[in-house]
Amino acid sequence: MTGRTATRAGATALLLGGWAVLLRGLYLLPRTTVPEYDLEAGGRFAMSIDVYLPALALSLLLLVVGPFVVLRRHGSIGGVAASATAAVFLGWVSQQDALQSYVPDLDGAILMAFGLVAAAFFLYLLEIVARPATREEPSAEVAEDGLRDPV
């Protein structure tokens with residue numbers, strides 16, 4: 001495994017780890033027992049459409065994109081897009097007040113997930129910026145008149 005592939009693999013592991021923290025927060029953290037914060041049938045349906053369904057769709061997308069990001073030569077560009085998408089979705093989830101009240105410990109999970117996703121984003125950017133520029137060197141010297149000198 002080359003250094004660049006290892007960097008992309010580490011960034012992808014951070015991205016998927018941050019996503020797993022978010023999913024754990026959404027599905028496995030304890031719910032509140034206070035009756036006024038309980039999501040009623042309409043609120044539960046709205047939360048399912050606004051948060052839970054997109055989380056599942058993005059999970060499938062990340063699982064499909066992950067191996068391509070690691071194995072492709074220019075996969076870091078896809079990694080930047082995937083981590084930016086995850087960060088935007090984390091911001092969306094953090095703005096859902098009814099969900100925050102229903103799952104009180106979700107703020108910590110979102111903060112931890114955002115830290116991991118941001119680290120992945122910057123690793124992908126670092127890999128893009130550090131990519132050496134490849135230039136073709138002429139195989140023979142060019143004379144002043146534009147013709148190649150025989151060597």
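Each chain carries its own residue numbering, running from 1 in the written order of its sequence. Note on the predicted model: pLDDT of at least 70 is required for a residue's local features to be given, and 80 or more for side-chain atom pairs to be given and counted; whole-chain, interface and lining totals, by contrast, use all residues. To obtain the side-chain values, all non-hydrogen atoms of the structure were used and water was disregarded.

S.K.: Honestly, a nonpolar patch on the surface in this entry has me stumped. Any pointers?
M.R.: Patches in this entry comprise residues that are over 30% relatively accessible and not in a salt bridge; like charges within 9 Å are linked, as are nonpolar side chains (Val, Leu, Ile, Met, Phe, Trp, Tyr) within 5 Å. Calculation of accessible area relied on Shrake-Rupley with a 1.4 Å probe; when residues are assessed, cover is drawn exclusively from the protein chains displayed. Within this document, salt bridges are pairs made up of a side-chain nitrogen of Lys or Arg and a carboxyl oxygen of Asp or Glu, the two lying within 4 Å of each other. Nonpolar side chains collect at one region of the surface, where Y27, L28 and L56 lie side by side and expose about 320 Å² of accessible area between them. Within the secondary structure layout, L28 lies in helix α1 (residues 3-28). For helices the rule is a DSSP run of H or I covering at least 4 residues; for strands it is a run of E covering at least 2, with both sets numbered from the N terminus onward.

S.K.: Whenever I open this one, the packing of helix α3 (residues 75-94) against helix α5 (residues 106-129) confuses me. Can you help?
M.R.: How two helices sit against one another is set out by the angle between their axes and by the gap between those axes. Between α3 and α5, the least distance of the axes is 9 Å, while the angle of their chain directions is 160°. Judged on the interaxial angle alone, α5 and α3 are roughly antiparallel. In this structure, α3 meets α5 at a crossing whose hand is left-handed. Here α3 contributes S76, I77, G79, V80, S83, A84, A86, A87, L90, V93 and S94 to the contact with α5, which in turn contributes L106, I110, A113, F114, V117, F121, Y124, L125, E127 and I128. Under the convention adopted here, Pro, Cys and the residues Ala, Val, Leu, Ile, Met, Phe, Trp and Tyr are nonpolar, Asp, Glu, Lys and Arg are charged, and Gly plus all remaining residues are polar. Considered class by class, the residues forming the contact of α3 with α5 number 16 nonpolar, four polar and one charged. A fitted line through C-alpha atoms serves as each axis, taken over the contacting stretch for helices, and the angle formed by two N-to-C directions is quoted from 0 to 180°. Here the word oblique covers every angle except those under 35 degrees (roughly parallel), over 145 (roughly antiparallel) and from 65 to 115 (roughly perpendicular). By the definition used in this description, the sense in which the near helix is turned from the far one sets the handedness, with an anticlockwise turn below a right angle giving left-handed and a clockwise turn giving right-handed. Contacts are assigned to residue pairs that have any heavy atoms within 4.5 Å of one another.

S.K.: Whenever I open this one, the confidence of the model for the protein confuses me. Can you help?
M.R.: Low-pLDDT portions of the prediction should not be read for the details of their coordinates. Across the protein, the average pLDDT comes to 86, with 81% of residues at 70 or higher. Mean pLDDT values for the elements of the protein range from 86 in helix α4 (residues 97-102) up to 96 in α5. pLDDT measures the predictor's confidence residue by residue and takes values from 0 up to 100.

S.K.: Teacher, can you tell me more about the packing of aromatic side chains here?
M.R.: Any pair of aromatic rings gets described here by the distance separating the centres and the angle formed by the planes. Working definition: rings of Phe, Tyr and Trp (its six-membered ring) pair if their centres are within 6.5 Å, and the pair is stacked with planes under 30 degrees apart, edge-to-face with planes over 60 apart, and tilted otherwise. Throughout the structure, instances matching the rule amount to three aromatic pairs. Consider the rings of Y27 and Y52, whose centres lie 5.2 Å apart with planes at 65°: the pair is edge-to-face. Note that Y27 is positioned in helix α1 and Y52 in helix α2 (residues 41-71), a separation of 25 residues in sequence. Each residue gets one of three labels from its accessible area relative to the maximum for its type: buried under 20%, exposed over 50%, partly exposed in between, using a 1.4 Å probe on protein chains only. Overall, the relative accessible area of 36% leaves Y27 in the partly exposed class. Look at F121 and F122: their rings are 5.5 Å apart centre to centre, the planes differ by 80°, and that puts the pair in the edge-to-face class.

S.K.: Whenever I open this one, α3 confuses me. Can you help?
M.R.: Since the α-helix turns once every 3.6 residues, residues separated by three or four places project in the same direction. Counted at 1.5 Å a residue, the expected span for α3 with its 20 residues is 28 Å, and the 29 Å between its end C-alpha atoms agrees. What α3 keeps buried is the set G75, S76, G79, V80, A82, S83, A86, F89, L90 and V93. Multiplying 1.5 Å by the helix residue count minus one yields the expected span of that helix.

S.K.: Is there a simple way to explain the pattern of salt bridges in this structure?
M.R.: For side chains of opposite charge, pairing can occur when their charged atoms come near one another. Tallying each qualifying case throughout the model produces two salt bridges. With a closest N to O distance of 3.6 Å, R8 and E127 form a salt bridge. Here E127 lies in helix α5 and R8 lies in helix α1, a separation of 119 residues in the sequence. Ionic contacts of the salt-bridge type, sharing partners, join the residues R4, R8 and E127 into one network.

S.K.: Can you walk me through the nonpolar core in this structure?
M.R.: Here is a general trend for soluble globular proteins: nonpolar side chains tend to be buried in one another's company. Among the buried residues, those of types Ala, Val, Leu, Ile, Met, Phe, Trp, Tyr and Cys that are joined through side-chain atoms within 4.5 Å form a nonpolar core. Residues L22, L26, V93 and L99 are the most contacted members of the largest nonpolar core, which totals 30 residues. When contributions to this core are tallied by element, the ones reaching two or more residues are α1, α2, α3, α4 and α5. In contact with L22, not counting residues within four places along its chain, are F89, L90, V93, I110 and A113.

S.K.: Is there a simple way to explain the environment of L22 in this structure?
M.R.: With respect to the element layout, L22 can be found in helix α1. A relative accessible area of 0% places L22 in the buried class. Taking C-alpha positions, L22 is 7.9 Å from L90, a pair spaced 68 residues apart along the chain.

S.K.: Explain α5 here, please?
M.R.: The end-to-end C-alpha distance of α5 is 34 Å, a good match for the 34 Å that 24 residues give at a rise of 1.5 Å each. Taken as a whole, α5 has its buried residues at L106, A109, I110, A113, V117, A120, Y124 and E127.

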